[in-house]
Every structure is written in C-alpha cells, then in structure tokens.
Amino acid sequence: MISGNCDTCVNYVYEEDYECYSCLVNLDEDEMFRFLSGTQRECPYYRMDDEYGVVKHQM
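As the structure is a prediction and not an experimental result, all values here were calculated from the model. (Residues numbered from 1 in each chain as written. Predicted model: local features only at pLDDT ≥ 70, side-chain atom pairs only at ≥ 80, totals over all residues. Heavy atoms only, no water.)

**Details of the overall build of the protein**
- The number of helices and strands found in the protein is two helices and two strands.
- The linear arrangement of helices and strands in the protein, starting from the amino end, is β-β-α-α.
- Counting every position in the protein, which comprises 59 residues, the buried fraction comes to 8%.
- A separation of at least 24 residues holds for 52% of the contacts in the protein among residues at least 6 apart in sequence.
- In the structure as shown, the protein presents an accessible area of about 5,500 Å², 52% of it carried by carbon and sulfur atoms. (Helix = DSSP H or I, 4+ residues; strand = E, 2+ residues; numbered from the N terminus. Buried < 20%, exposed > 50% of the residue type's maximum accessible area, 1.4 Å probe, protein only. Contact = heavy atoms within 4.5 Å. Areas by Shrake-Rupley, 256 points an atom, 1.4 Å probe, with all protein chains shown as cover.)

**A few points about a nonpolar patch on the surface**
- On the surface, Leu27, Met32, Phe35, Leu36 and Tyr45 cluster together into a nonpolar patch covering about 480 Å² of accessible area.
- Structurally, the position occupied by Phe35 is in helix α1 (residues 29-37). (Patch = residues over 30% accessible without salt bridge, like charges linked within 9 Å, V, L, I, M, F, W, Y side chains within 5 Å. Salt bridge = Lys/Arg side-chain N within 4 Å of Asp/Glu carboxyl O.)

**A short note on α1**
- Looking at where α1 begins, the residue whose side-chain oxygen comes 3.2 Å from the main-chain nitrogen of Asp30 is Asp28.
- One or two residues past the end of α1 sits Gly38, with phi positive at roughly 85°. (Polar contact = N/O pair within 3.5 Å; in protein donor to acceptor, adjacent residues only side chain to side chain.)

**What to know about the environment of Cys43**
- On the secondary structure map, Cys43 appears in the loop between α1 and α2 (51-58).
- Cys43 sits in the partly exposed class, given a relative accessible area of 30%.
- Between the C-alpha atoms of Cys43 and Glu31, which are twelve residues apart in sequence, the distance is 9.6 Å.

**Side note on the environment of Cys9**
- Checked against the element boundaries, Cys9 lands in the segment before β1 (12-15).
- Cys9 sits 40 residues away from Asp49 along the chain, and the two C-alpha atoms are 5.2 Å apart.
- Not counting the four nearest positions on each side in its chain, Cys9 is found in contact with Tyr45, Tyr46, Arg47 and Asp49.

**Topic: the layout of surface pockets**
- Its boundaries defined by the atoms lining it, the largest pocket holds a volume of some 420 Å³.
- In terms of lining, the largest pocket is formed by 21 residues, of which the most central are Cys6, Cys23, Leu27, Phe35 and Cys43.
- Secondary-structure elements contributing two or more residues to the lining of the largest pocket are β2 (20-23) and α1.
- By residue number, the principal contributor to the lining of the largest pocket is α1, which donates three residues.
- Residues of the lining of the largest pocket, tallied by class, amount to twelve nonpolar, six polar and three charged. (1 Å grid on protein atoms, 1.4 Å probe; cavity = no way out; pocket = protein on both sides within 12 Å on 5 of 7 lines; lining within 4 Å. Points joined across faces, edges and corners; volume = space filled by probe spheres on them. Nonpolar A, V, L, I, M, F, W, Y, C, P; charged D, E, K, R; others polar.)

Given below as structure tokens:
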C-alpha cells in the first residue's frame, strides 16, 4: 500500500530527544530531491501502523 499520509505510517515515530515526529527511512539523494520538489506524491516506504494486526498475529 502506498500513501502520502505520514501520520498513519509505522516509520513515522516520535523522537524524544528532539521532541518532534520524524521518519525513520533514510532517503537517498534522488529520493530526497523528488520528495522536496513535489514530483513524487506517494511514499514507496509507507506501511500502515496496524497495532491490531500485530496483536492478531501474535495470538
């Protein structure tokens, strides 16, 4: 699933040291250019943060 909403992504976490949210994915130079220029609207690293799916898998 590809989306542009970082709020629901598992890679978007709260950094206590900086007191803000950030993405754990390290983009290379080309990916960062596409992201900052707005030519790529969808994140290829998006994974939905599904807490219920994780718990269901553990049962």
